[in-house]
Amino acid sequence: MGSSEQKGIFYDLCQQYKTWIIEYNSANMGSPIYMVWLTDGMDDNQDKFIVSEEEQIIAATKPEKLLQYLAQGDWALPDADTTQKWLLRSTGIQVYPNYVCPVDWLIEGVNTKRTTQEWFSEMTNFINFFRDFGEQLKDSMLIKLCKTPELQKAWDFFYEEMFWPGFKGDEKTDKDASLVYQTDFEQLSRELSQLITVFENNIEVVG
């Protein structure tokens, strides 16, 4: 889970153009699906997804299908010049996801109260992806959904107790170690499930 361990030509290309493929794993979708997430250098480095004219996140069942579909489209791409170069240079090479988003595992973690550093990290990543999408569409209702009480509490806990202390120090932490976290897990499960449902309702699988 998390960042892919694969390195190579495509990895370097994604780092160069700040454009990545996300593998989204949810039983609701039937199989893993893939989408593009990028940093828009023409819009104050805002992180965005590639979306359709209907403002749905474009996804496909294989990375190759996704890139082929995007290369043939004529819609407006975020940071169009950079994104087009990334698509062109990705043609004819092996492509693969740069990050895996495990939402089923997140729900399981809430239900079993598995409060490990890895779980908090992946949970926060998903909240951030959702917020990126809401801000991209300038949709206040979407942005509000990722700031509900228990989600915000979990997000704050990760940054205050794990991310910033780890960022400032040199000590290595055990990502699988359990952490003491007191919260209303039933409410957290409801809020996370709602976030996942809304996110998936805004995905268009094209092939």
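Residues numbered from 1 in each chain as written. Predicted model: local features only at pLDDT ≥ 70, side-chain atom pairs only at ≥ 80, totals over all residues. Heavy atoms only, no water.

Caption draft 1: Structural detail: the overall build of the protein chain. The helix and strand inventory of the protein chain stands at 8 helices and 7 strands. On C-alpha atoms alone, the protein chain measures out to a radius of gyration of 17 Å, which is about the 17 Å that the 2.2 N^0.38 rule sets for 207 residues. If you line up the protein chain on its principal axes, its C-alpha atoms span 50 × 40 × 35 Å. Burial status across the protein chain gives 51% buried among its 207 residues. In the protein chain, 71% of the contacts between residues at least 6 apart in sequence involve partners at least 24 apart. For the protein chain, the accessible surface area stands at approximately 11,000 Å², while carbon and sulfur atoms represent 48% of it. (Helix = DSSP H or I, 4+ residues; strand = E, 2+ residues; numbered from the N terminus. Rg over C-alpha atoms; globule rule 2.2 N^0.38 Å. Buried < 20%, exposed > 50% of the residue type's maximum accessible area, 1.4 Å probe, protein only. Contact = heavy atoms within 4.5 Å. Areas by Shrake-Rupley, 256 points an atom, 1.4 Å probe, with all protein chains shown as cover.)

Caption draft 2: Expanded view of the environment of N28. Here N28 lies in the loop between strand 2 (19-25) and strand 3 (33-40). Sequence separation between N28 and E200 is 172 residues; the distance between their C-alpha atoms is 8.4 Å. Non-local contacts of N28, meaning those with residues more than four positions away in its chain, are made with I196 and E200. Side chain to side chain, N28 and E200 meet in a polar contact 3.1 Å long. (Polar contact = N/O pair within 3.5 Å; in protein donor to acceptor, adjacent residues only side chain to side chain.)

Caption draft 3: Up close: the packing of helix 1 (residues 9-17) against helix 3 (residues 80-90). Packing of helix 1 against helix 3 leaves a shortest axis separation of 10 Å and a crossing angle of 170°. Relative to helix 3, the element helix 1 lies roughly antiparallel. The segment helix 1 lies against helix 3, with F10, L13, C14, Q16 and Y17 engaging T82, K85, W86, R89 and S90. Along the lines of polarity and charge, the residues of the contact of helix 1 with helix 3 split into 5 nonpolar, 3 polar and 2 charged. (Axes fitted to C-alpha atoms, helices over the stretch in contact; angles between N-to-C directions. Parallel < 35°, antiparallel > 145°, perpendicular 65-115°, else oblique. Nonpolar A, V, L, I, M, F, W, Y, C, P; charged D, E, K, R; others polar.)

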